[in-house]
Amino acid sequence: MRQYYFLSFWSSAGGTGVLLNVDRVAEQLEEMGYQGIQVRGLADSGWFLDNKQYRRTDCIDTITCAPTEAIRRGIRYWNGIVPERCKLQFKEGEEWNCFFGYKIYPTLRCPVFVVQWLFDEAQLTVDNVHLTGQPVQEGQWLYIQNLGRELRNTLKDVTHWTDIQVKGTSLPRALHCWDRSLHESNKNGKAPLKGCPIHLIDSCPWPHCNPSCPTIRDQFTGQEMNVIQFLMHMGFDVQKMAQQQGLEPSKLLGMLSSDN
């Protein structure tokens, strides 16, 4: 009987750790003689971008450092090790690239299920964009939208990816479909299962517009905000956003209200 070993670390850096260690765990188990064990990974919220910050700041701590600089320093301080297959894709001294999901994922041998927010708070924080507190300026709003597009593009070639709930499919359902697809792929190379989606990318164009997103709270007051309150706080322009979406302003507001 074939056994399965899941390497799963929830949230942020732990998700990155899955990407960096899943193949190493599989190799160690094989060297120990456990030939019948299949290792699979579940990486939640560890798929970061090495993009430019919205506003550059001096690197004095983990919050102010740009993503690439933070990883470079971390590797030096902790003598970080990356998988050999990924390391060989880059020049000496550029191993830091392997800490970014879209760069290491193509080199992985083990199946990995990736769960990622399009507008991840940790990503926005290191990019010096804050969703609560002071109202968001137009430049920040455009930066946030572009961030979502960039992250979505890096997921195009990911075999198995989903958000918390996309197009009516929940995370447990997507995980169930992914597990079934791996079983079926080992049986005569069967085609993907019908009616059991494993690759879902939300079309949501701004933070928290998916009604299944957790409730957001104002950073200073602690009060819960609905979608409209949140977008107004961010400097949301109903006329402009409706035009971008090809909708009448009244219809857009109605859609937002029905999501609350």
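Residues numbered from 1 in each chain as written. Predicted model: local features only at pLDDT ≥ 70, side-chain atom pairs only at ≥ 80, totals over all residues. Heavy atoms only, no water.

- The chain carries the name NOTUM, palmitoleoyl-protein carboxylesterase in an unreviewed UniProt entry, which gives Willisornis vidua as its organism.
- The record in UniProt for the chain states the following under Sequence similarities (unreviewed entry): "Belongs to the pectinacetylesterase family. Notum subfamily." (UniProt positions renumbered as here; feature names shortened; annotations may be inferred.)

1. Looking at the nonpolar core
Then comes step 1: Ranked by internal contacts, the top residues of the largest apolar core, which has 36 residues, are Leu 19, Val 39, Trp 47, Ile 104, Tyr 105, Leu 108 and Val 112.
Then comes step 2: Taken together, the elements giving at least two residues each to this core come down to helix 1 (13-31), strand 2 (37-44), strand 3 (112-115) and helix 6 (138-154).
Then comes step 3: Within the second largest apolar cluster, 7 residues are counted, among which are Phe 113, Val 115, Ala 174 and Leu 182. (Core = buried A, V, L, I, M, F, W, Y, C linked by side-chain atoms within 4.5 Å. Buried < 20%, exposed > 50% of the residue type's maximum accessible area, 1.4 Å probe, protein only. Helix = DSSP H or I, 4+ residues; strand = E, 2+ residues; numbered from the N terminus.)

2. Description of the state of the cysteines
Then comes step 1: Inspection of the entire model under this criterion finds 2 disulfides.
Then comes step 2: In this model, Cys 59 is linked to Cys 65 through a disulfide, with the two sulfur atoms separated by 1.5 Å. Measuring the twist about the S-S bond at about 60°, one finds the Cys 59-Cys 65 disulfide to be right-handed.
Then comes step 3: The class for Cys 59 is buried, based on a relative accessible area of 19%.
Then comes step 4: Cys 86 shares a disulfide with Cys 98; S-S distance 2.1 Å. Because the torsion about its S-S bond is -105°, the bridge between Cys 86 and Cys 98 counts as left-handed. Within this pair, whereas Cys 86 is found in helix 3 (residues 84-87), its partner Cys 98 is found in the loop between helix 3 and helix 4 (101-104), the two being separated by 12 residues in sequence. Taken as a pair, Cys 86 and Cys 98 share a single burial class, namely buried. (Disulfide = S-S within 2.5 Å.)

3. Overview of the environment of Leu 171
Then comes step 1: Note that Leu 171 resides in helix 7 (residues 171-185).
Then comes step 2: Sequence separation between Leu 171 and Val 115 is 56 residues; the distance between their C-alpha atoms is 8.5 Å.

4. Topic: helix 2 (residues 67-78)
In an α-helix, one turn spans 3.6 residues; hence positions three or four apart end up facing the same way.
Then comes step 1: For helix 2, which comprises 12 residues, the first-to-last C-alpha distance of 16 Å matches the rise-based estimate of 16 Å (1.5 Å per residue) to within 8%.
Then comes step 2: For helix 2, the full list of buried residues reads Pro 67, Thr 68, Gly 74 and Ile 75. For helix 2, the angular spread of buried residues about the axis comes to 125°, placing them on one side. Among the exposed residues of helix 2, those pointing more than 90 degrees away from its buried face are Arg 76 and Tyr 77.
Then comes step 3: Those residues of helix 2 that are buried lie in contact with helix 5 (121-126).
Then comes step 4: Count one or two residues on from helix 2 and you reach Asn 79, which has phi positive near 55°. (Expected span 1.5 Å × (residues − 1). Arc of directions from axis to C-beta. Contact = heavy atoms within 4.5 Å.)

5. Things to note about the side chain of Thr 125
Then comes step 1: Examined against the element boundaries, Thr 125 turns out to sit in helix 5.
Then comes step 2: Judged by relative accessible area, which is 19%, Thr 125 ranks as buried.

6. Focus: the pairing of strand 2
Then comes step 1: Most of strand 2 sits out of view: 6 of its 8 residues are buried.
Then comes step 2: The sheet contact formed by strand 2 and strand 3 spans 4 bridges and is parallel. When the bridges of strand 3 are listed, Ala 43 appears paired with Val 114. (Pairing = 2+ DSSP bridges.)

7. A few points about the pattern of salt bridges
Then comes step 1: Tallied over the full model, the rule gives 3 salt bridges.
Then comes step 2: Where Glu 69 meets Arg 73, a salt bridge forms, and the shortest distance between an N and an O atom there is 2.8 Å. Within this pair, Glu 69 and its partner Arg 73 are both found in helix 2, separated by 4 residues, close to a single helical turn. (Salt bridge = Lys/Arg side-chain N within 4 Å of Asp/Glu carboxyl O.)

8. Concerning helix 1
Then comes step 1: Here helix 1 spans 27 Å end to end across 19 residues, near enough to the 27 Å set by a 1.5 Å rise per residue.
Then comes step 2: Remark: the principal bend of helix 1, roughly 45°, maps to Asn 21.
Then comes step 3: A positive phi of about 95° marks Gly 33, the residue just after helix 1. (Bend = angle between axes of the 7 residues up to and from the residue.)

9. Notes on the environment of Leu 155
Then comes step 1: Structurally, Leu 155 can be placed in the loop between helix 6 and strand 4 (161-162).
Then comes step 2: Take Leu 155: its relative accessible area is 0%, and that puts it in the buried class.
Then comes step 3: Sequence separation between Leu 155 and Tyr 102 is 53 residues; the distance between their C-alpha atoms is 7.3 Å.

10. Some thoughts on the packing of aromatic side chains
Then comes step 1: Evaluated as defined, the whole model comprises 4 aromatic pairs.
Then comes step 2: Their ring planes at 65° and their centres at 5.9 Å tell us that Trp 47 and Tyr 105 sit as a pair that is edge-to-face. With Trp 47 in the loop between strand 2 and helix 2 and Tyr 105 in the loop between helix 4 and strand 3, this pair connects stretches of sequence that are 58 residues apart.
Then comes step 3: Classification of Tyr 105 as buried rests on a relative accessible area of 14%. (Phe/Tyr/Trp six-rings, centres within 6.5 Å; stacked < 30°, edge-to-face > 60°.)

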